[in-house]
Structures are given as C-alpha cells and as structure tokens.
Amino acid sequence: MEGHQRTAQLSVLAAIVLVAVKLVTGLATGSLGLIAEALHSATDLVAAVLTLYAVRVAVRPPDREHPFGHGKAEHLAALGEAAALAVASVVLAALAATRLASGSGADIDAAWWAFAVLGFVIAVDAFRATASYRGAKRYNSPALASNALHFTGDLLGSVAVVVGLLFVRAGYQEGDAIAALIVAVLVIAAAVRLARNNVRVLMDQAPEAAAGAARDAIARDEPGVEVKRLRVREAAGAYFVDAVVGVRPDAAVGQGHALADAVEASVREALPRADVVVHVEPGEARDLRERINAAASGVLNVREIHNVRIVTVEGLHELSLHLKLPPSLPLDEAHAVATEMEVAIQAAAPEVSLIHTHIEPLSVERSGAEVEAGDERAIIIEVVRSLTGRAPEQLRMRAGERGRVVALLTVCVDAGQPLRDAHALASRIEEEIIRRAPAVVDVIVHTEPRE
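Residues numbered from 1 in each chain as written. Predicted model: local features only at pLDDT ≥ 70, side-chain atom pairs only at ≥ 80, totals over all residues. Heavy atoms only, no water.

1. Some remarks on the overall build of the protein
Okay, step 1: In terms of helices and strands, the protein carries 12 helices and 9 strands.
Okay, step 2: Taken across its 451 residues, the protein has 41% of its residues classed as buried.
Okay, step 3: Taking as baseline every contact in the protein between residues at least 6 positions apart, the subset at least 24 positions apart corresponds to 69%.
Okay, step 4: Of the roughly 24,000 Å² of accessible surface on the protein, a fraction of 58% belongs to carbon and sulfur atoms. (Helix = DSSP H or I, 4+ residues; strand = E, 2+ residues; numbered from the N terminus. Buried < 20%, exposed > 50% of the residue type's maximum accessible area, 1.4 Å probe, protein only. Contact = heavy atoms within 4.5 Å. Areas by Shrake-Rupley, 256 points an atom, 1.4 Å probe, with all protein chains shown as cover.)

2. Describing a nonpolar patch on the surface
Okay, step 1: A grouping of Leu10, Leu13, Ile16 and Phe127 is seen on the molecular surface, where their side chains present a nonpolar patch of about 410 Å² in accessible area.
Okay, step 2: Per element, the largest residue contribution to the nonpolar patch is 3 residues, and it comes from helix H1 (residues 2-29).
Okay, step 3: Tracing the backbone shows Ile16 in helix H1.
Okay, step 4: Judged by its relative accessible area of 46%, Ile16 is partly exposed. (Patch = residues over 30% accessible without salt bridge, like charges linked within 9 Å, V, L, I, M, F, W, Y side chains within 5 Å. Salt bridge = Lys/Arg side-chain N within 4 Å of Asp/Glu carboxyl O.)

3. Section: the confidence of the model for the protein
Okay, step 1: Across the protein, the average pLDDT comes to 76, with 75% of residues at or above 70.
Okay, step 2: Confidence, expressed as mean pLDDT per element, reaches its minimum in the protein at helix H2 (residues 32-58) with 64 and its maximum at helix H10 (residues 331-348) with 89. (pLDDT = per-residue confidence, 0-100.)

4. A few points about the packing of helix H11 (residues 374-388) against helix H12 (residues 419-436)
Okay, step 1: At a closest axis distance of 10 Å, the pairing of H11 and H12 adopts a crossing angle of 145°. The hand of the H11/H12 crossing is right-handed. Facing Ile379, Ile380, Glu382, Val383, Val384, Leu387 and Thr388 of H11, the residues of H12 in contact are Leu425, Arg428, Ile429, Glu432, Ile433 and Arg436.
Okay, step 2: Across the contact of H11 with H12, the residue classes tally to 8 nonpolar, 1 polar and 4 charged. (Axes fitted to C-alpha atoms, helices over the stretch in contact; angles between N-to-C directions. Left-handed = near helix turned anticlockwise from the far one by under 90°. Nonpolar A, V, L, I, M, F, W, Y, C, P; charged D, E, K, R; others polar.)

5. Structural notes on the sheet that holds strand S6 (residues 352-361)
Okay, step 1: Pairing is mixed across the open sheet formed by 3 strands, whose spatial order is S4-S5-S6. In this open sheet, the two strands that pair with only one neighbour each are strand S4 (304-313) and S6. Sheet twist, expressed as the average angle between the axes of neighbouring strands with direction ignored, equals 15°.
Okay, step 2: Direction of pairing for strand S5 (residues 316-325) relative to S6: parallel, over a ladder of 9 bridges. Looking at S6, one finds that Lys324 is bridged to Glu360.
Okay, step 3: Helix H9 (residues 288-297) rests against S4, S5 and S6 of the sheet, and its axis sits at about 140° to S4.
Okay, step 4: Sheet strands in contact with H10 are S4, S5 and S6, and its direction is about 150° off that of S6. (Pairing = 2+ DSSP bridges.)

6. Some points on the pattern of salt bridges
Okay, step 1: One pass over the full model with this rule turns up 7 salt bridges.
Okay, step 2: Put simply, Glu393 and Arg390 hold a salt bridge, and the shortest N to O gap is 3.0 Å.
Okay, step 3: Residues Arg435 and Glu432 are paired through a salt bridge, measuring 2.5 Å at the closest nitrogen-oxygen approach. One end of the pair is Arg435 and the other is Glu432, both in helix H12 and 3 residues apart, which spans about a single turn.

7. Things to note about H12
Okay, step 1: The end-to-end C-alpha distance of H12 is 26 Å, a good match for the 26 Å that 18 residues give at a rise of 1.5 Å each.
Okay, step 2: Within H12, the full set of buried residues consists of Ala422, Leu425, Ala426, Ile429 and Ile433. Here the buried residues of H12 occupy an arc of 100° about the axis, which is enough to place them on one side. Opposite the buried face of H12, at more than 90 degrees from it, the exposed residues are Arg420, His423, Glu431 and Arg435.
Okay, step 3: Contacts from the buried residues of H12 go to H11, strand S8 (405-414) and strand S9 (440-450). (Expected span 1.5 Å × (residues − 1). Arc of directions from axis to C-beta.)

8. Quick look at H11
Okay, step 1: Compared with the 21 Å implied by 1.5 Å per residue over 15 residues, the 21 Å span of H11 between its first and last C-alpha is a close match.
Okay, step 2: Among the residues of H11, Glu376, Ile380, Val383, Val384 and Thr388 are the ones counted as buried. Angularly, the buried residues of H11 cover 105° about the axis, an arc narrow enough to put them on a single face. The exposed residues of H11 that point more than 90 degrees off its buried face are Asp375 and Ser386.

9. What about the sheet that holds S8?
Okay, step 1: With mixed pairing, 3 strands are arranged side by side in an open sheet as S7-S8-S9. Each edge of the open sheet is held by one strand with a lone partner, namely strand S7 (394-399) and S9. The mean inter-strand angle of the sheet, taken between neighbouring strand axes irrespective of direction, is 20°.
Okay, step 2: Contacts from H11 reach S7, S8 and S9, with the element oriented near 145° to S7.
Okay, step 3: Where H12 meets the sheet, its contacts fall on S8 and S9, and the angle it forms with S9 comes to roughly 150°.

10. Digging into the environment of Ala94
Okay, step 1: On the secondary structure map, Ala94 appears in helix H3 (residues 72-102).
Okay, step 2: Looking at Ala94, the relative accessible area reads 43%, which means it is partly exposed.
Okay, step 3: With 87 residues separating them in the primary sequence, Ala94 and Leu181 have C-alpha atoms 8.7 Å apart.

11. Thoughts on the environment of Val244
Okay, step 1: You can see Val244 is positioned in strand S2 (residues 238-247).
Okay, step 2: Taking the C-alpha atoms as reference points, Val244 and His279, separated by 35 residues in sequence, lie 4.7 Å from one another.
Okay, step 3: Discounting residues that sit within four places of it in the chain, Val244 has contacts with Glu226, Val227, Lys228, Arg229, His279 and Glu281.

In structure tokens:
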C-alpha cells in the first residue's frame, strides 16, 4: 500500500502550497473569492491529513480487537472531511452575503498576476484531482475518492474565482462576491455527497451491486444450492459476506463442507476482496427418499443405512432398509436404536405404512494381502471380456475370509450409457464371476467412462 499512502502525502503537500498561495494573493488583491478559496483549501489540508492517517490505519491487518480489519478508518476520515467542508461553506456564504448586502468590493485589485496565480492553482488542482482519482480507482479507496471529489470542487471554485475577477476588471465589483457564493455552494454540495456515501457504509447499508453479484455467482456456479440468507457489508472497498445455504437434508457433513467451500469460491470470484463465511443448514426434502434418509441419519446412534427400498402396495408405501450398528452393541440396545429410527422416519414420512428394518453389524476393518489366485484371475478376465469386449482396466485380488478371495476390478463402458445400464452390467459381471469362480467371495466392480 505504499502507493496508497504516497498519493495521500502528495495531497498534503499540495494543500499546504495552495493555502499559502491563495491566502497571500487574496489578501493582496482584496478578493473575497480568493480568500474563500484559501479557506476551502485549508479544509482540504485538514482532509488530506485525515486521509493520510486513515489510509495508514486502514491497511493494518485484523487483530483481536478489530477482527474485521481497520478499513472503516477511511470512511471515518471522509466523514470528518464532510463536516469540515460544511463548516467552511457556511463561513464562505456568510462573508459573501455580507459583502453583497453592503455593496463593498470596490477596493479589489484584479491585477494580471492574480490571474497568473489562479492559473497555477488550477493546474495544481487538476493534477491533485487526477492523481487522487487514479489512486482511488487503483486501490479502491473511499478516502482517496473523497479527496478526488474535493479537488474537483476546488478546480471548479478556482474557475469561478477567475470569472469573478474578470467581472471585476469589467467594472462589476459584485462579481467577486458572487464567485465566493458559487464556491460555497460547491463546498456544501461536496459535503452532503461525502456524508451520504460514507454514512451509508458506516451504517452497514447493504451494497446492492455487490450483493447481487454474489447471489448471481452462487446461482451460476451452484444451481442446486438454496440461498436462505445473504448479507453483504462493505469497508474500504473490501466486502464481508455472510451466507446461509440449504443442502439436501440427507447430505453428509463432508458434503455440506464441500458445498460451503464451493460457495465461498464462487463469491470470491465475483468479489475478489471478499471475506466469506458460509453457514450450512438442512434444506427442504424434495422427495420421499430424501425425507427417509434425512430422518434416519438424524438419529444419534445410527451409523449407516443402505439398501433402501420403497414398494407401493395398493396406494400405500412400504419401506425396507438395512441399518448398520457397532458389532459389539447388545441386541436390546440395537433394537432400541432401530425403533427410534423407525419413529423418526414415520414422523417425516407419514405416508409410509410399513417399515421393515434389517439390523447388521458394521464391517470390521481387516488386513487383506494381495494374492495371485491365478485361476480366478483368468476366469475374471474372461468374464469381463465376454460382457464388455475388452479386459478389465485394473484387477486386484485380496485375501478374504477362510482362504477365499475378494476381487476389485475396474471396467470401462460407453460414456453416454445411462447409469442404470452401467449398474446392470456391473451386476451381471459380479454374478457371473461368483458363479464361475467359487473361491471368489465378493466382487466389487468400478465402472469408468471409456475414452
């Protein structure tokens, strides 16, 4: 952020020079417009000092007392600038109104060198406004943006003073006071705009454009995600996004976490300087099977359910499933868990008339060494080739129970084949291998799309 601070330092130096030049020239010529511009630049000097301090504070990293960072220091500085501008505008307007009412101003000396000074002032104002605008755009800094607005107002005010002195040279002495009033109007307009923009940020008013970009990014990249709540706030060009999203009620914790990561990545792509926090909640179940799975998974002691089958008999749904529990669990406790699960399912899916639960133990992890099983390997390759037209891509043989073998194989099928057909093919392979190779106790077929 060195360039960020360098731009603010240049603004401070330029403001000091302009205050001195305008004040000396205004006192020498008696021009209220120039004195008003000197006062205007004095407020800019205060604003530039505030900006320099603010950008140094704003770039500090978050700490224990400021976990969201220090970015709002820039908005506080900009609000201070707005207050200074408002006070200056009231003083300028009062001085100009007094001079117009009294009709004074005949002692104004609209000398040529005053115009030369104003030409120098306009050139400096143009440089300051351009540099601050570029810095604000490059670093996304509200404090530098407010400086750019001030310096543009200074530029217009200086042009108004030039016009007023031209009227004085032409014999219209009130032209200088009118120019001072124009400067006052420009100052109060800038103050109102600054106050409104920075109060909006300090009050955490939602930036509609940023919130819309975040919501659109989630909808584009994660079309199945239900966005329940999205809150966005801004500080010094950075965004803080809180999102609550709904996932399938039967989704696992890992799936919910993966979805949260995907949502965070989508929002950060749309808002690169965003700090994103995603909270995952169960969404609405979209069908009967999701409601059943969600209800069963919500029972504390349920470890795993599978082979969920729903059969409709005379308009009523009958459900059967396998429930896995720790193998050391006593039967009475296992039955109690199954009963609790059935009650939960009945509450979530009252249209289910009958629930049949098969309780089985969780598989205990065993070590399985690689085995050759040459005869079984040859049979497996022959079966896969006969059903798919080619040998399996991978084939591993593991030692099973009582000297029997577990076969793990990968086969390739057409990429466009429906999943149900691919699964049916895998089932045929499994059945044929077990029929022809009695030593194989289990076959696990993994299907991949054929390139």
